Amino acid sequence: MGRYVLRRLLQMIPVFIGTTFLIYALVWAVPGDPFEGKCGERDCPEAYVSAMRDKFNLDDPLVVQYGKYLGNLLRGDFGLTSAGLSVGERIAATFPVTLKLALVALLIEAVIGITAGVVSGLRNRGFLDSLVLVSTLFLISIPVFVTGYVVQLVFGLQLGLISPTVTSPTIGNLIVPGFVLASLSMAYVARLSRAGIAENKRADYVRTALAKGLPQKRVVGVHMLRNSLIPVITFLGTDLGAFLGGAIVTEGIFNVPGVGGLVFRSILTKDGAMVTGVVTVLVLVYLLMTLLVDLLYAVLDPRIRYD
Amino acid sequence: MTDQMAVLATDRDRPRGLFGDAWHELRRRPLFWVSVSMILLVVLMAAAPSLFTSGDPGLAQLSRSRQPPSAEAWFGYDNQGYDIYTRVIHGARASIVVGVLATIGVVLTGATIGILAGFYGGWLDAVVSRVADIFVGVPFVLGAIVILTTLNAGGDAGPVRIVAQVVLSIAVLSWPVAMRIMRSTAIAAKQQDYVKAARALGAQPGRIIAKHMLPNCVAPVLVYSTIALGAFIGAEATLSYLGIGLRQPVVSWGVMINSAKDYLRVAPHALLFPAGFLTATVLAFVMLGDAVREALDPKLR
Amino acid sequence: MSRAPLVPLALATVLVAAGCGAAQTQTGTNTDAGITIFNTDPENPLVPGNTTEAGGSRVIDALFTGLVEYRAEDAQPVNAMAEKIDTKDSKLFTVTIKKGWTFHDGSPVTAKSFVDAWNWTAYGPNATQGASFFSQIEGYETVHPKDPDGPDGPQEAPKPATDKLSGLKVVDEHTFTITLSEAFSVFPVTIGYEVFAPLPEAFFKDQKAFEAAPIGNGPFKFASRNVGTDIKLTRFDDYKGVDKPKFKDLTLKVYQSRESAYADLVANNLDFMEELPPNALAGQKYETDLGDRVVQRETLNMQTIAFPFYLEPYDNVDLRRAISMAINREEITQRIFEGTRKPADGWVHPLMKGYQKGQCGEYCTFNPQKAKESFAKSGYTGEIVLLSNTDGGHQEWAEAVANSIKNTLGVEARFVPSTSFGEFRQKVNAHEMTGMYRAGWIADYPSIENWLTPLYRTGSSSNDGLYSNPAFDAKLAEADKAPSEEQAIKLYLEAEKMMAPDMPVIPLWTQNTIAGKSDRLKVANLHPFRKLDLDSVEVVG
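It should be emphasised that the depicted structure is a prediction, and the values quoted were computed from it without experimental measurement.

Engineer: Would you explain the overall build of chain A in this entry?
Structural biologist: Looking only at helices and strands, chain A features 13 helices and 0 strands. In chain A, the order of α-helices and β-strands from amino to carboxyl end is α-α-α-α-α-α-α-α-α-α-α-α-α. Considering only C-alpha atoms, chain A reaches an extent of 85 × 55 × 30 Å along its principal axes. Classification of the 307 residues of chain A by burial places 48% in the buried group. Long-range contacts, defined here as pairs at least 24 residues apart, represent 76% of the contacts in chain A between residues at least 6 apart.

Engineer: What exactly am I supposed to notice about the nonpolar core here?
Structural biologist: As a rule of thumb, soluble globular proteins bury nonpolar side chains together. In this structure, Ile-145 and Ala-178 of chain B together with Leu-386 of chain C are the most contacted members of the largest nonpolar core, which totals 331 residues. The residues touching Ala-178 of chain B, leaving out its near neighbours within four places in the chain, are Val-106, Val-107, Gly-110, Ala-111, Gly-114, Val-221 and Tyr-224 of chain B.

Engineer: Help me out: how do you make sense of the sheet that holds strand β4 (residues 82-87) of chain C in this one?
Structural biologist: Residues and elements named next belong to chain C. Strand order in the open sheet formed by 4 strands is β4-β5-β7-β6, and the pairing between neighbours is antiparallel. Strand pairing shows two members of the sheet lacking a second neighbour, β4 and β6 (168-172), which therefore form its edges. Each strand of the sheet is rotated relative to its neighbour by a mean of 20°, with strand direction disregarded. The pairing of β6 with strand β7 (residues 175-179) spans 4 bridges and is antiparallel. Across the sheet, Lys-169 pairs through a bridge with Thr-177, a residue of β7. Against the sheet, helix α3 (residues 111-122) contacts β5 (92-97), β6 and β7, and its axis sits at roughly 170° relative to β6.

Engineer: Hey, could you run me through the packing of helix α12 (residues 259-268) of chain A against helix α6 (residues 140-152) of chain B in this one?
Structural biologist: Geometry of a packed helix pair, given as the angle between the helix axes and the separation of the axes. At a minimum axis distance of 10 Å, the contact between α12 of chain A and α6 of chain B shows a crossing angle of 5°. Comparing the axis directions of α12 of chain A and α6 of chain B gives the class roughly parallel. Contact residues: Val-263, Phe-264 and Ile-267 of chain A in α12 of chain A; Leu-142, Ile-145, Val-146 and Thr-149 of chain B in α6 of chain B. Here the residues of the contact of α12 of chain A with α6 of chain B sort into 6 nonpolar, 1 polar and no charged.

Engineer: How do you make sense of the confidence of the model for chain C when you look at a structure like this?
Structural biologist: Do not read the fine detail of predicted coordinates wherever pLDDT is low. All names here are of chain C. Of all residues in chain C, 92% attain a pLDDT of 70 or more, and the chain-wide mean is 87. Of the regions scoring below 50 in pLDDT, residues 1-26 engages in 21 contacts with residues more than four places distant in sequence or in other chains. We note a pTM of 0.81 for the whole complex and an ipTM of 0.82 for its interfaces.

Engineer: Hey, could you run me through the pairing of strand β18 (residues 521-527) of chain C in this one?
Structural biologist: Note on strand geometry: in a regular strand, side chains alternate between the two faces of the sheet. All names here are of chain C. Bridging between β18 and strand β19 (residues 531-539) involves 5 bridges; their strand directions are antiparallel. By the bridge assignment, Asn-525 is partnered in β19 with Asp-533. Linking β18 to β19, which pair antiparallel, is a turn of 3 residues; within it Arg-530 sits at a positive phi near 60°.

Engineer: Please clarify how unusual backbone geometry should be interpreted in this entry.
Structural biologist: Most peptide bonds adopt trans geometry, and most residues besides glycine take a negative phi value. Residue and element names in this part refer to chain C. At the junction of Glu-312 and Pro-313, the peptide bond is cis and its omega measures out at 0° in the coordinates. Tracing the sequence through the fold places Pro-313 in the loop between β12 (294-306) and α11 (317-325). You will see that Asn-268, though not glycine, has its phi angle at about 65°, which is positive. Relative to the assigned elements, Asn-268 resides in the loop between α8 (258-266) and β11 (272-273). The exposure class of Asn-268 is exposed, given the 12 C-beta atoms found within 10 Å. With a phi close to 65°, Leu-466 is a non-glycine residue in the positive phi region. Its location among the elements puts Leu-466 in the loop between α16 (453-456) and α17 (470-480).

Engineer: Could you clarify how one ought to interpret the interface of chain A and chain B in this entry?
Structural biologist: A common way to report how large an interface is uses the accessible area buried once the components associate. Tallying the contact residues gives 38 residues for chain A and 29 residues for chain B. Among the secondary structure elements, those contributing two or more residues to the side of chain A that touches chain B are α1 (2-28), α5 (127-141), α6 (144-158), α7 (175-201), α10 (230-246), α11 (248-254), α12 and α13 (272-300) of chain A.

Engineer: Looking at this structure, how should I read the environment of Lys-88 of chain C?
Structural biologist: Along the chain, Lys-88 of chain C turns up in the loop between β4 and β5. Separated by 436 residues in sequence, Lys-88 of chain C and Ala-524 of chain C place their C-alpha atoms 40 Å apart.

Engineer: Is there a simple way to think about the pairing of β12 of chain C in this case?
Structural biologist: Bridge count for β12 of chain C against strand β17 (residues 505-517) of chain C is 11 bridges, and the pairing is antiparallel. Note that in β17 of chain C the partner of Ala-306 of chain C across the bridge is Val-505 of chain C.

Thresholds applied
- Residues numbered from 1 in each chain as written.
- Chains lettered and ligands numbered in written order.
- Predicted model: local features only at pLDDT ≥ 70, side-chain atom pairs only at ≥ 80, totals over all residues.
- Helix = DSSP H or I, 4+ residues; strand = E, 2+ residues; numbered from the N terminus.
- Buried ≥ 20, exposed ≤ 12 C-beta atoms within 10 Å, placed from the backbone.
- Contact = placed C-beta atoms within 7 Å.
- Core = buried A, V, L, I, M, F, W, Y, C linked by C-beta atoms within 7 Å.
- Pairing = 2+ DSSP bridges.
- Axes fitted to C-alpha atoms, helices over the stretch in contact; angles between N-to-C directions.
- Parallel < 35°, antiparallel > 145°, perpendicular 65-115°, else oblique.
- Nonpolar A, V, L, I, M, F, W, Y, C, P; charged D, E, K, R; others polar.
- pLDDT = per-residue confidence, 0-100.

So, in structure tokens, the structure goes:
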């Protein structure tokens, strides 16, 4: 196990370097100058542009630039934005908010998705089953931004049930955005757990357990659920990574002060230091999440052994 | 040999292959026929919009801005005074083209690389898997935004280039999924007796891959590709909604939604019609994928 | 003033006790209230000389008071920190500042505070965004030398021999003189811009600390900043100016989009937003959403379409006229902007002192017949391209303008969007536009001169289309040196008239800005510079 984890961690190094280099090159190697357009409808003074180019090593070859950046990164220094703000501090300020939103979404997704999936899986081909199948199909097909706008418009502005934007990112305020963010994955979770239950229902061990005279509740709750949920757990794990980086649309609609909004604005204003910094963190999180999921896999399914 | 084939073909009770079996199963499913007819309709709209409308999708008259649906304009007019019905019909093309091209790109690159990595294993597999990790590690929307802003910096672009950029960014970020699916089926298939037998008989690796493994590994990727097609059409809409995907002069459902979103409260029809077509098309592909998967996987029946 | 809240508080108690609705006749003003207004995250460190974008300006504006300020009623400059500004020849100005003013840290505001701040901003190696505002002062070339091969080139600009503008001299603690390199009659009007604000000693001692907690001399002092979320300011009780705020705390809240800010405004979670987003303007929804909470006024900005004179066929005067006459300004301002824009009839903004109606004449009037004739005369039949960035809500009107040209002239007219303002600006600056393009101007200072010289004079800083008309240039030069304001205005108007037949830039419309306030604000006026007039704000008691 220990050796497996070590090997995986070593494998992460080239992936990490590859991803950050890719993003770095895309952000900074843009044709044109990232510091034009910072001075409104007139030219920026030349001295300002030169100073900025100097600050971000833009006059060096790309590989050298990246090397310098990586060197600073390894020392824990994310650098400064063109506005002179510390990238590290900005990430530290926004990341917890997005993490909170992602966790809220994950919880909603897991609870509703698994419940719907298990219920429909147990009652194969019944009304409930069809309802779950049809509603998940719709959830998968409607783009998130449509769901977001409709929820904000109807519940926030017309009915006045919720605050249309998140004023302070408390758990309670994040429930609605979390729900919107989770809607698509919720459908996948429901379908995955439904398929798992349906498959395991006829498995030998379930028959054995029932024949042994165990109560139905225990068979479903302990035996079937544990085996059916393995793919669901994998999905939820990778989804957390996706939520952290994919909340751009949801955060924008509800004005959640998280990483998504930060990175979207930074891309538009060509704040390369911020974009590379955020993506670096997200990639790290993603890599660690996949490792964690794989390890969890082994815990849940004794047949899997990593050696 | 040919005689034998002819005998087999006429034999009504011949054992069907995986796909024959699946087809037999599919034919009996209403969901399959619903989704297929919806897809055919949209494809027809994309291929020959003039069958559905004689209007000019580029004609905008501000004087009729935001008029609701009426007898002469079934879906009404949008903010600029474009006829929404005409635009929705013509918009199908860009949306479908993006979806189909991106899917072809993803499946071809992903499956080719995946089957090679799965078959040969070793260092090739290691390198390919790490490269795939690099692209999977970047969250999709974020990655697409970065790629597209970089590509968009070129400025004045024709419709072909605009579409190509979106296709490229989707394909670049999604091929690892197809690759991973193909790789794991290929690894499983490599252990099967028929592959071992072919090897023992001295077949070339190229022949083994093409003749023996491919037909047996293609099913999961096929299922993925139908669902992915729907998902990519949705992805195009999301990117266009953010203002970095397709844009003028290309007409697509995403572009229409983008320009209608600010007027949702005064001209909801301008958003609802393209969004409805978008949802229905994605739905059709997802349903088809669902039906095909269930047909291919006997366990799910 | 500070005793005022006692009355309404007592009154409110009575009303509640009597079972009346609480929200009716509120007479008093709560001078200890706090308000929250819309902001975007400042893009630069909070130093006046380095802030030229809106997000930072809203903060700097509240923190600092310059020599002159622009009156909210008519945008005319009035002395703020300046006691008087004297000149005999429009070249040498003597500035006397008011006594007894202090910065928020208690240090006095002196002539040196201004001179040091201006020298610092103008000094090349400090690389400020506002440096070019000082280019008219004598000695600017010495402190801010040109980079020999442009900013992208490997060579660095030579290090200036001195860091002091030779045109600035401290006479005594409250007096200093400004010498310009050439006579410029409207100079005193220009210095109300924030980059001309004074800086305290503390800034020069520790710039980092200052950026984290700026110290100004304005009506508000810095309290705290939560980057990306909000900036909190609070009233400076020792403020000596006449524009003392009538409320206590000012929170500038950062929003990611105007749409989400608007949703908060409707729900009364946000107290003021100076420009409503398109989804609120659509179908005049804001009237039903906000009712009497709508605030509006004409503001000092104008939208135009500029021609690249370096690119065919846009150097063809008949084509330029044809395009201008093919744009149905009336319909676009009504349909796309719901009447929040007013068709422009000249290049000078109507709020400007000396503005004259109809300077552009028939060339700015929609006339399909004339447009077609002029188009035929131009001999051009190809495609017309309009470029614009789309990140500032420009997509809708640009598309409508392209369609208007297309429908009128029967020619292929295409709108080409550019996703980011930065890229767009860069191509404009580098003279690489592939068609005519969106331009816009927000007055730096309220003078007729600001609407002509920087934009259309040969070689001017913002004449990006490279328009050049020697006769027009000569007229402007004459106006700059005019002995009196009236004569200057007359000459500037003559220059504007000379430019009309050339149609160097198509004037489109000026803005009637629609802002919104919350129920809590009794009064909140919009300033002509499209910002909240903080001085006017009164909170319901």
